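Below are the chains, spelled out letter by letter.
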Amino acid sequence: MKPKPRKWIWALGIAALLTGGCSAVLKQVGGAYSHPPEEMETVLSHGAKALVARAYGDVEVGRLRDYHVHVVGVGAGNTGAEINPKMLSWLHPVSRFKAAVYMNSSGVVDLGNADREYMERLTRLAENTPGKGKFHLLAFDRNYNPDGTVNAARSELYIPNDYVMALADLRPDLFVPVISVHPYRHDALAELEKWAAQGARFIKWLPNAQGIDASDPAIDPYYETMKKHGMVLLTHVGKELAVDSGDAQALGNPLLFRRPLDRGVTVIMAHGASLGDNEDLDIPGDNPSARADNFELFMRLMDDPRYGDNLFGEISAITQFNRVPGPLLTLLERGDLHHRLVNGSDYPLPAINFLFQTRQFLSLGMISQQEQTYLREIYSVNPLVFDYVLKRILRHPETGARFPPSLFQTHPRLE
């Protein structure tokens, strides 16, 4: 059985507290990179540079897309971002250490300047990515109760739509804004109309953490408004570990999204539901003991011909150590679905060192030992490039199947 990331963070956080070695632990767990992204051409070996060139060589310049990039902030500089106070208090050691890992991995050293430092680091990584493409910046709404009131205790973070739109306006050559509007808000429909009028086309949900039941009939007007404006829902599916979800993991059940799919809403399911299990809602009758892997439920939807035009999968996080090899091998060999998969990095997670164990891929025969060495070099300079190159070079150990370059480019159905 593989250890769960939450247990790793807890153990390392307590160890850091007891030994006073917090900085050293953070370096090993979080941002273990050692060079600024601008130095990629000068510090990478010839072989590592050749691997990067190969990974980017068959994609059209300017058409690269990363559909899943988080904006993180604490409200420093009047950005409007919020973070739950427990994330900044050692009275809650698990939450505090988790926040410290995120900050360290994303280059934040001064909490009082965290929002600016985070975006400066992300911008530099994006600017120094070969191939020139765009990165979708995600807003993140609060957790709401079904009656439309904010559930502050369950809201771990808040990234306002205004902030994300402003960031994208500053660098339209790099960033695409993705709004987040909770469907239980009293002003949800007005907010959709407002942001659609300003050109927003993508909406971000994390149902487990935000308290959203995608199958709730009360949301139907929200879905109709989305469809009217041609908006696309990027939603987490499967178990959630990065953001506290309490006892709401059932809201990550992919089958709950039959409702928007049946109404013609375009849905991108992040991570391919590659963690956890849930009730199999397709089994007739009330039988909560009938459970299935979330990935199996996701694939059932992908194989349903009714959703061939409006359901897409997204491959962020599927290379994390606790998701390998299962879903990854299946998606590699399902070439018939590759035209309905898109790429996402889930940044800043690719910068968290311990989440990606290249030795796993070596032992599975998915990369060579030399490629492993080069990947480590690349991570030390640019974790975003590392995430992309890793996905491009991975091959199925039996068939040699890889993800095609089209998967990493602008999808004509979504743009």
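On a predicted model such as this, the values are computed, not experimentally measured, just so you know.

### Thoughts on the confidence of the model for the protein
Confidence in the prediction for the protein averages 92 pLDDT; 93% of positions are at 70 or higher. pLDDT under 50 marks residues 1-6. Its contacts with residues more than four places away, or in other chains, come to 15 contacts. The model gives residues 13-20 a pLDDT under 50, and that stretch makes 8 contacts with residues more than four places away or in other chains.

### A closer look at the nonpolar core
A general feature of soluble globular proteins is that nonpolar side chains tend to end up buried together. Counting residues in hydrophobic clusters, the biggest one holds 85 residues, and the most contacted among them are Trp 205, Tyr 222, Val 389 and Phe 403. Tyr 222 has contacts with Val 181, His 182, Pro 183, Ala 188, Leu 189, Leu 192, Ile 203 and Trp 205, leaving out every residue within four places of it along the chain. By size, the runner-up hydrophobic cluster in this structure holds 34 residues, among which are Tyr 118, Ala 126, Phe 135 and Ala 351.

### Observations concerning the packing of aromatic side chains
All chains considered together, the criterion is met by 12 aromatic pairs. Ring geometry for Trp 205 and Tyr 222: centres 5.6 Å apart, planes at 50 degrees, overall tilted. With Trp 205 in strand E6 (residues 202-205) and Tyr 222 in helix H10 (residues 220-228), this residue pair connects regions lying 17 residues apart in the sequence. For Trp 205, a relative accessible area of 0% gives the class buried. Take Tyr 222: its relative accessible area is 2%, and that puts it in the buried class. Clustering of aromatic rings is evident, with ring pairs tying together Trp 205, Tyr 222, Tyr 223 and Phe 257. In this arrangement the basic side chain of Arg 142 is found over the ring face of Tyr 158, its NZ or CZ atom lying 3.7 Å from the centre.

How each quantity is defined
- What you see as residue numbers is a count from 1 along each chain, following the sequence as written.
- In keeping with the model being predicted, local features are shown solely for residues with a pLDDT of at least 70 and side-chain atom pairs are shown and tallied solely at 80 or more, while totals for entire chains, interfaces and linings include all residues.
- For side-chain calculations, the full set of non-hydrogen atoms in the structure is used, while hydrogens and water are omitted.
- A residue's pLDDT is simply how confident the predictor is in it, with values from 0 to 100.
- Between two residues, a contact is recorded if the distance between any of their heavy atoms is within 4.5 Å.
- Residues enter a nonpolar core if they are buried and are Ala, Val, Leu, Ile, Met, Phe, Trp, Tyr or Cys, with the set joined through side-chain atoms within 4.5 Å.
- Using a 1.4 Å probe on the protein chains alone, a residue whose accessible area is under 20% of its type maximum counts as buried, one over 50% counts as exposed, and one in between counts as partly exposed.
- Aromatic rings from Phe, Tyr and Trp, with only the six-membered ring used for Trp, were paired whenever their centres fell within 6.5 Å, and each pair was classed as stacked if the ring planes differed by under 30 degrees, edge-to-face if by over 60, and tilted otherwise.
- Secondary structure elements follow DSSP: runs of H or I of four or more residues count as helices, runs of E of two or more count as strands, with numbering from the N terminus.
- Distance and angle both matter: a charge sits over a ring if NZ of Lys or CZ of Arg is within 6 Å of the ring centre and within 35 degrees of the ring normal.

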